[in-house]
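Structural overview for review
Residue strings, one per chain:
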Amino acid sequence: MRAQNLRGALCAVLVSTLTGCTGLQSALDVHGGPAIQLYQLIMLVTVVCTAVWILVVATMLRAIWRRRDRRDDPLLRDPAMERRMGLAVLGAVIATAIIIAGFTAASFLTTRAIGLASADALSIRVRGLQWWWEVTYLDATTGATVTTANEIHIPVGRNVRLELESADVIHSFWVPSLAGKQDLVPGRHNGLTIRAERPGVYRGQCAEFCGLQHAHMALLVIAEEPADFANWLAAQSRQASIPAEAEAAAGQQLFLSRPCASCHAIRGTSAAGTAGPDLTHVGSRRTIGAGLFETTRGSLAAWIADPQTLKPGNNMPMVPLSGDELRAISAYMASLR
Amino acid sequence: MTQRPTTTDADLDNSVLADRLERTWRTPKGFWGALSTVDHKIIGRRYIITAFVFLALGGILAALMRLQLAQPEARVIGPDRYNQIFTMHGTNMMFLFAVPVMEAIGVYLVPLMVGTRNIAFPRLNAFSYWMFLAGGALLWIAFALDMGPDVGWFAYVPLSGPQYGAGKRADIWAQMITFTEVSALAVSVEIIVTVFKQRAPGMSLDRIPLFVWSLLVTSFLVVVAMPSIMIASTCLILDRLIGTHFFNPAEGGDVLLWQHLFWFFGHPEVYIIFLPAVGMVSTIVATFARRPVFGYLALVMALIATGILAFGLWVHHMFVAGLPRLGESFFTASSMAIAIPAGIQIFCWLATLWDGRPSFKTPLLFVIGFIVTFVIGGMTGVMVASVPIDTQVHDTYFVVAHFHYVLVGGAVFPLLGAIYYWYPKITGRMLSERLGQWAFWLVFVGFNLTFFPMHILGLQGMPRRVYTYQPEMPWHGLNLFVSISSLILMSGFLVFFIDVIHSARRGLPAGPNPWAAPTLEWATSSPPPSYNFLRLPIVRGSNPLWEETESLTVGGGLSVDRREFIVSSVVEARPEARETSPGDSIWPFWTAIASSVMLTWSIFSPWAVVWGSIPVAIALVGWFWPKGTPEEEA
C-alpha cells in the first residue's frame, strides 16, 4: 500500500514536471478503463484501415504503371478482361462489407463493455458554465454537499459516475486519458462513467464550442488512493479557515465588503454568491481560471487585478483595488487551503 | 395548334442558321443586357467565378487562423475575432463556395452535356445567382463591420439563441442560410427538369453521362435536405426576433431539436458537395484512361445509394449529445454502410485505370491525388462513425482533419481537376500544363502536410474551435508545422489562380474537343455559341463522340425565330414536343433585389415581411407577365 502510494505520488510529480502543472490530456496516453478500451479499438481500426489504404494505393500505382498493349479505339473491349475486373470489383466490395461489419460489431461490443454500470459507483455532479466547471459532491448519508470548481478528485480503481448538467450553453466534458467525452446539454441530464487505474493528474477541457473562452475551460481530474481521497473530501467539507495572519484577515474583510462576495461563496463567511466558483478552499486547488494558471499568490493577484486581459470576455469583472488591497485579498485567497 | 413557325433550322444551311440562331439567342450588349441575361453559360460562369472568389476569401481566413495557432497563447487575433473567423470560414466554404461551385458547374455543363439549348427555367436561374450573390454580400459585409457570425457554421443553440448570442450576428448567419438555400433549391429544380425533360433524343437513362447523373442525385438531395435547415434557421430567427421558444428548454423547447434539424441537412450537405465531385472523377477518368468508365450501372447505383443513405446518418454528429446508445448503434451501422457505395466507386475507377491507357495530364493527376487522400478521409469517416471512437475524436482536430480530407481531398481535388478539364470549353483556351502540374504537386503535398498532423493533434487531445492553447500542452510543435505547411498549400492555390487568370487571355486556343472526350459538350465550339449547338444532336450510345467519329447525327425542325428546344421523355428521351425557352428579362434581378431587401430588413423587424413583400409581389408580376409566345407544340 505504501509502495503504491509512493509510486502514485512519484507518477504525479513526474507528470506535472513533464507537462507543467496540467497533467495528461491525450486519447493515446490512457489510464482509465473506458479510455483503455477505446484506445484498443482505435488502434485496431487504424491498423486495418492503414492496411486497406496501402492495398488501394498499391493497386492504383500498379494500374498506372502496368504494361499494356497499344490499342487505339477507346471502345474496343476485351471480354475476358471485363469479366476479370468485374470479379475483382465484386471481391473488393465483399471484402469492404466484411470489414465494416467487423468494425460495427467491434464498436458495438466496446460500447456495451464501457456502458456496464457498476453498483458502487461514486456519484459527482458536474455543471458546466461559461467558462468553468462546478463540481459538487453529495454525501448520501448526511445530505451535505461539497462544492468546488475545475478540479475533480476521484479514488483510484473505482467507477465514478458524473452527472453532467449545463447552466447556460452546451459544453462537453472530456478527459481523454480516462474516458470519451459527453456533452452537457441545457435541459437534459447526461451521465458519464470515468475511472482511473493509477493515481495521477489527468487534464481535460471543454470540447463543445461554448463561446468566447471555450479555449480556456480546462479541468483536472486528480486520482488518488482511496485514503487520500477520503482525507481530501473531509478537508473540503470543512468550512473555510479563519485567517491567522493580519494581511489575510484584512483580505477577508475586503472580500466581504467589496463586490467579490456577491458572486463567490466562501463557506463559513457571509459570502454566498453563486455566479462564480466557490472559493472555500481555492488555495488548495491546483489551478485558477479553469486551468489557466497554477495557483500561487502571484497568479491569484494577477487574476484578481485584471481578469479581462488574462481571459478576455470571461464573466469576472475587474474590481478596482489599491495595491495593498490586492495583496491582502490574494493573501486571503492563498490562505484558503 | 398555334401557327407553324415561319422558318425552321432544317430549311437553312449552316452559316445562315448560325447567324439566325445567334440573333434569337444572344444576350444584348451593355449593362442592362448583362443584368437581364438568362443564358445558362453566362450565369454559370458568373456563378463559378463568384464561388472561387469566396474560396480565396475563405482561404485568407484559414491563413489568419493558422497564424494565430502557430504559437501557444498567441495574441495575433483575439477570441471574439477568431470566433468570427472560424465561423466565417466554415459558413463561407460550405454555403458560398462548395455547394454553389458544384451547382454552378452543373448550370454551365448540364445543358451542354444533355444536348439542349438552355437550362430549364432560365429566369429562375438568373434569380438564383443574384440571390446567392446577395447572401454572400450580406455575410461578408457583416463580417467587415465586425458583425460577422461567431457561433460556428453549425450555430448550436442556445449559444446562438436570444440569451447568449448578443447583437445581430447569429441572425445574419441564419438569414444568409435563407439566401443560399433559395438559390440552391432553384438550381436543383432547374437541373432535375433539364435532365429529365430536355435530354437529346436518344439519350435514354442508361446513356446519361455520369457527371449529369451525379448532379441529378445531388439535386434531389438538395430538394430533400435544404428545407430542414431552412426550417431550423427560420425557427432560430423567430426565437431571436419575436421570442418564440422552439429551442428554449425552459419553455418546453428543445436544444437537441436544433441539432437534429441541422444535421438532417448537414450530413447530406457533405454528399451534396461530394457527389458532383464523384461525377467529375468518373468523367475525367474515362477521358484520360481512354476507355468508358468501368461499371457504369454500378456507379449510377452507387450514386443513388449514397444519396439515400445520406439521410440515415445524421445522428453520427450527435453521438456525444446523450442520445440512447442502442439507437446510436443503428447510426453506426448506417454510417459505415456508406463505405460500400464509396468502395464500389473507387474500385470501378481503379479498374478503368487498369484497363485503360492513362495519359497523365493535370486533370488525371488531381484524380489520382483525390483517390490517395479521399480514401484516408473515408477511413477516418469509418472511425468517426463508430460511437465509441467518436466519443474520443468528436470535436477535436481529428475531425477537422477528417472532413478536410473528405471535402478538400474528396471534392476540391476533383474540382480543380474539373477546372483544368473544362476550362478550355468555357474559355476556348487551354490552361498551362506546366503550371497545372506545379499547382497539383504544391496543393497535394501542402494539403497532406497541413492536414495529416491534425489527426495526431486531435488524438493528443486538442479540441476544435479553440482560439489558442496553453504553452504547457504538447501541441506546439505540430501546430507550428501545420501552419508552415499551409503556406505550401496556399502557394499551390496561388499558382492555380495565376494560371486561370493568365490563360484566360494568353492560353493556347483549345478547339472544340482538345481532350478527344466522348460527351456532347465537346461537340460544339469552345466557348459554345449562345445557342449551344447549331443543330441539336441525336444520341445513339453512351459515348457519342467516340462512337460517331465522323460527324454527329443531328435533328432538325426547330424554329430559329424564337428560342425553341426539344422536350423529351424521361426514360427513353423520345422527342415529345417543341417548347419555347423564355427570353432575357430584368425582372429576376429586381425580384432578387426586392427579396434581398425584405430578408435583410427582417433581421431587424418582423414588419419587413409585411411591407417588404409588396415590392417582391410587384417584381414577380413583372417576371410572369404573359409573353405572347406559344409555350409548347407537341
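Residues numbered from 1 in each chain as written. Chains lettered and ligands numbered in written order. Predicted model: local features only at pLDDT ≥ 70, side-chain atom pairs only at ≥ 80, totals over all residues.

Let us look at the overall build of chain A. Counting its secondary structure elements, chain A contains nine helices and 12 strands. Its C-alpha radius of gyration of 27 Å places chain A more than 25% over the 20 Å reference for a compact globule of 337 residues. The C-alpha extent of chain A, read off along each of the three principal axes, is 95 × 45 × 40 Å. Burial status across chain A gives 45% buried among its 337 residues. (Helix = DSSP H or I, 4+ residues; strand = E, 2+ residues; numbered from the N terminus. Rg over C-alpha atoms; globule rule 2.2 N^0.38 Å. Buried ≥ 20, exposed ≤ 12 C-beta atoms within 10 Å, placed from the backbone.)

Right, let's get into the pairing of strand S10 (residues 218–224) of chain A. Residues and elements named next belong to chain A. The buried fraction of S10 is high, at seven of seven residues. Here S10 shows no split at all, with Ala218, Leu220, Ile222 and Glu224 on one side and Leu219, Val221 and Ala223 on the other all buried. Strand direction decides the pairing type here: strand S4 (residues 151–155) and S10, joined by five bridges, are parallel. The partner of Ile154 across the bridge, within S10, is Ala223. Bridge analysis of strand S9 (residues 200–205) against S10 gives six bridges, and the strand direction is antiparallel. Counted as the bridge partner of Tyr202 is Val221 from S10. (Pairing = 2+ DSSP bridges.)

Take the sheet that holds S9(A) next. Residue and element names in this part refer to chain A. Strand order in the open sheet formed by three strands is S4-S10-S9, with mixed pairing between adjacent strands. Whereas interior strands pair on both sides, the edge strands pair on one side only; in this sheet they are S4 and S9. Each neighbouring strand pair of the sheet contributes to a mean axis angle of 25 degrees, computed without reference to strand direction. Each of S4 and S10 touches helix H4 (residues 226–237); the most contacted strand, S4, lies at about 135 degrees to it. (Axes fitted to C-alpha atoms, helices over the stretch in contact; angles between N-to-C directions. Contact = placed C-beta atoms within 7 Å.)

Here we come to the environment of Pro509(B). Examined against the element boundaries, Pro509(B) turns out to sit in the loop between helix H16 (476–506) and helix H17 (544–547). Among all residues touching Pro509(B), those that are not within four sequence positions of it are Gly428(B) and Arg429(B).

Moving on, we come to the domain arrangement of chain A. Residue and element names in this part refer to chain A. For chain A, the assigned domains read domain 1 (2–22 + 240–279 + 286–335) and domain 2 (24–70 + 78–225). Each of domain 1 and domain 2 was reduced to a C-alpha centroid, and the two centroids are 32 Å apart. Counting residues at the interface gives 22 residues for domain 1 and 25 residues for domain 2. In terms of residue count, the dominant contributor to the side of domain 1 that touches domain 2 is helix H1 (residues 2–18) (seven residues). Here the side of domain 1 that touches domain 2 is built from residues that sort into seven nonpolar, 12 polar and three charged. (Domains from an automatic or database assignment. Nonpolar A, V, L, I, M, F, W, Y, C, P; charged D, E, K, R; others polar.)

To continue, consider the packing of helix H9 (residues 296–309) of chain B against helix H11 (residues 339–355) of chain B. All names here are of chain B. Closest axis-to-axis distance for the H9/H11 pair is 9 Å, and the angle between their directions is 155 degrees. Here H11 runs roughly antiparallel to H9, going by the angle between their axes. Seen from above, H9 lies across H11 with left-handed handedness. Between H9 and H11, the residues in contact are Ala298, Leu299, Ala302, Ala305 and Thr306 and Pro341, Ile344, Gln345 and Cys348, respectively. In terms of residue class, the contact of H9 with H11 is made up of seven nonpolar, two polar and no charged. (Parallel < 35°, antiparallel > 145°, perpendicular 65-115°, else oblique. Left-handed = near helix turned anticlockwise from the far one by under 90°.)

Taking 1.5 Å per residue as the helical rise, H11(B) with its 17 residues ought to reach 24 Å, and the 24 Å between its terminal C-alpha atoms agrees with that figure. Most of H11(B) sits out of view: 16 of its 17 residues are buried. (Expected span 1.5 Å × (residues − 1).)

Bringing the interface of chain A and chain B into the picture now. A common way to report how large an interface is uses the accessible area buried once the components associate. Listed by partner, the interface residues are 66 residues for chain A and 71 residues for chain B. For the side of chain A that touches chain B, the elements supplying multiple residues, two or more each, are helix H2 (33–65), helix H3 (79–115) and strand S7 (182–184) of chain A. The greatest single-element share of the side of chain A that touches chain B, amounting to 17 residues, is contributed by H3(A). Its residues placed into classes, the side of chain A that touches chain B shows 37 nonpolar, 22 polar and seven charged.

What follows is about the nonpolar core. In terms of nonpolar packing, the biggest core is built from 303 residues, with Val221(A), Ala98(B), Val212(B), Val285(B), Cys348(B) and Val382(B) touching the most fellow members. Among the elements that line this core, the one with the most residues is helix H8 (residues 255–289) of chain B, at 23 residues. (Core = buried A, V, L, I, M, F, W, Y, C linked by C-beta atoms within 7 Å.)

This part is about the sheet that holds strand S8 (residues 190–194) of chain A. Residue and element names in this part refer to chain A. Spatial ordering of the open sheet is given by S3-S2-S1-S5-S8, a layout of five strands whose pairing is mixed. Strands with a single pairing partner mark the edges of an open sheet, and in this sheet they are strand S3 (145–149) and S8. Taken over all neighbouring pairs, the strand axes of this sheet differ in orientation by 25 degrees on average, direction set aside. Sheet topology note: the strand S2 (residues 132–138)/S3 ladder contains five bridges and is antiparallel. Residue pairing across strands places Tyr137 opposite Val146, the latter belonging to S3.

Residue and element names in this part refer to chain B. Take Pro100: it is sitting in helix H4 (residues 79–114). Separated by 84 residues in sequence, Pro100 and Ala184 place their C-alpha atoms 7.0 Å apart. If we skip the residues at most four places from it in the chain, Pro100 touches Tyr47, Ala51 and Phe132.

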